[in-house]
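Structural description and commentary
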Amino acid sequence: MSLDLMELLPADWRERLEPLLDPLAMAALGAFVADEYERHTVYPPREDLFNAFRRCSYDAARVLILGQDPYHGAGQAHGLSFSVRKGVKLPPSLRNIYKELAADLNVPIPDSGDLTPWAEQGVLLLNAVLTVREGEPGSHAGKGWEEFTDAAITALNAKQERVVFVLWGAYARKKARLVTNPAHVVLESAHPSPLSAKKFFGTRPFSAVNKALADAGLPEIDWNLAAE
């Protein structure tokens, strides 16, 4: 059994990523992922695997927020980095993101952890690794997802219109090397995890993203989720 990952990807993203990827490597990744879903509990659910790409088309993408690994607890991951569905308890990193959001833009802290409204405005909420075994963080690292998501970053780098790349933490910041187009802006800081939040707080990423977009004549993101 195997998953044809490229077939599952929305057509606009598939068109951009396929030329950047090794078909044999993608076939091997598809076989691995299919086997993991068959034999283990894997997050996000299979139907949410490419949620980030479905919610944010290639043409609409103007911001990338890069995570590392999906949440590995039951009911948390749904295919958008840092996001959880409505009704799910806020994970610590997301709580810290919301604290910084409130301090940066003077908006209320949302009750819901669902970041879908950001995605639908052109924020690609991408994890570097798109699947994980339940309770085993990092269990699907080094299996080929990194090449896949590096290709997504490379495809965004090829856009002529500005994209703002938001890279939190040492792992994400390594991806800055993929952003070579001077049209784009890279915003780097510490990760919002409790382990590094002291260095994350005060970085004001949300207003910085909007300034970078406005400077390029692009619409700003409405980050306020409290009304959702």
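Quick caveat: nothing in here was measured; it's all calculated off a predicted structure.

Rules used in this analysis
The written sequence of each chain sets the order in which its residues are numbered from 1. Local features in a predicted model are, by the rule used here, given only for residues with pLDDT of at least 70; side-chain atom pairs are given and counted only at 80 or more, and totals for whole chains, interfaces and linings are based on all residues. As a convention, hydrogens and water are excluded, and side-chain values are obtained from all of the structure's heavy atoms. Each residue gets one of three labels from its accessible area relative to the maximum for its type: buried under 20%, exposed over 50%, partly exposed in between, using a 1.4 Å probe on protein chains only. A run of H or I in DSSP becomes a helix once it reaches four residues, and a run of E becomes a strand once it reaches two; helices and strands are each numbered from the N terminus. This arc describes the spread of directions from the helix axis toward the C-beta atoms. Should any heavy atoms of two residues lie within 4.5 Å, those residues are considered in contact. Points on a 1 Å grid, built from protein atoms alone, make a cavity when a 1.4 Å probe fits but cannot get out and make a pocket when they are open with protein on both sides within 12 Å along at least 5 of 7 lines; residues with an atom within 4 Å of a point are the lining residues. Grid points are joined across faces, edges and corners, and a volume is the space filled by probe spheres set on the points. Three residue categories are used. Nonpolar comprises Ala, Val, Leu, Ile, Met, Phe, Trp, Tyr, Cys and Pro, charged comprises Asp, Glu, Lys and Arg, and polar comprises the others, including Gly. Throughout, nonpolar core names a set of buried Ala, Val, Leu, Ile, Met, Phe, Trp, Tyr and Cys residues whose side chains join them through atoms within 4.5 Å. Aromatic contacts are taken between Phe, Tyr and Trp rings whose centres are within 6.5 Å, Trp giving its six-membered ring; a plane angle under 30 degrees counts as stacked, one over 60 as edge-to-face, and the others as tilted. Helix span, as expected, comes to 1.5 Å for every residue beyond the first. What counts as a salt bridge is simple: a side-chain nitrogen of Lys or Arg found within 4 Å of a carboxyl oxygen of Asp or Glu.

Those residues of helix α10 (residues 205-215) that sit buried are P205, F206, V209, N210, A212 and L213. Buried positions in α10, seen along its axis, are confined to an arc of 160° and lie on one side of it. Turned more than 90 degrees away from the buried face of α10 sit K211 and D215, all of them exposed. In this structure, the buried residues of α10 make contact with β2 (63-67), α5 (92-105), α6 (116-119), β5 (164-168), β6 (185-189) and α9 (197-200). Backbone geometry just downstream of α10 places G217 in the positive-phi region, at approximately 75°.

So, on to empty space enclosed by the protein. Per the counting criterion, the structure on display carries two cavities of 30 Å³ or more. By volume, the largest cavity is sized at about 60 Å³. Contributing to the lining of the largest cavity are P44, L49, A52, P70, G79, L80, S81, L125, L126, N127 and L130. Among the elements that line the lining of the largest cavity, the one with the most residues is strand β3 (residues 123-127), at three residues. Of the residues contributing to the lining of the largest cavity, the split by class is eight nonpolar, three polar and no charged.

Another aspect to go through is the nonpolar core. Of all hydrophobic cores here, the largest spans 75 residues; its most connected members are W13, L17, F53, W118, W145 and F148. Top element by residues in this core is helix α7 (residues 145-157). It accounts for seven residues. In contact with F53, not counting residues within four places along its chain, are L9, P10, W13, L124, L126, L130, F148 and A152.

Let's shift gears to the environment of A151. Along the polypeptide, A151 turns up in helix α7. Each C-alpha atom of the pair A151 and K211 lies 27 Å from the other, and the pair is 60 residues apart in sequence. In contact with A151, other than residues within four places in its own chain, are L17, L20 and L21.

Moving on: the packing of aromatic side chains. Counted by the stated rule, this structure contains 13 aromatic pairs. A centroid spacing of 5.5 Å and a plane angle of 15° characterise the contact between F50 and F148, whose relative ring orientation is stacked. Placement of F50 in the loop between β1 (42-43) and α4 (51-55) and of F148 in helix α7 is noted, with a sequence separation of 98 residues between them. Residue classification places F50 among the buried residues on the basis of a relative accessible area of 1%. We classify F148 as buried; its relative accessible area is 0%. Both rings, one in W118 and one in F206, keep their centres 5.8 Å apart while their planes meet at 55°; by these two values the pair is tilted. Placement of W118 in helix α6 and of F206 in helix α10 is noted, with a sequence separation of 88 residues between them. With relative accessibility at 1%, the residue F206 sits in the buried group.

So, about α7. Here α7 spans 18 Å end to end across 13 residues, near enough to the 18 Å set by a 1.5 Å rise per residue. Among the 13 residues in α7, 11 count as buried, and that is most of the element. Among the residues of α7, W145, E146, F148, T149, D150, A151, A152, I153, A155, L156 and N157 are the ones counted as buried.

The subject of this paragraph is the pattern of salt bridges. In the structure shown here, the tally under the stated rule is 11 salt bridges. As a salt-bridge pair, R16 and D59 come within 3.7 Å of each other at their nearest N and O atoms. Within this pair, whereas R16 is found in helix α2 (residues 11-17), its partner D59 is found in the loop between α4 and β2, the two being separated by 43 residues in sequence. According to the relative accessible area criterion, D59 is exposed, its value standing at 56%. When the shortest N-O distance is used, the salt bridge between K175 and D150 registers 2.8 Å. Here K175, found in the loop between α8 (169-173) and β6, pairs with D150, found in helix α7; they are 25 residues apart in sequence, far enough to count as distant. Here the salt bridges do not stand alone but share partners, grouping E36, R133 and E136 into one network.

In short, shape yes, function no, at least from these values alone.
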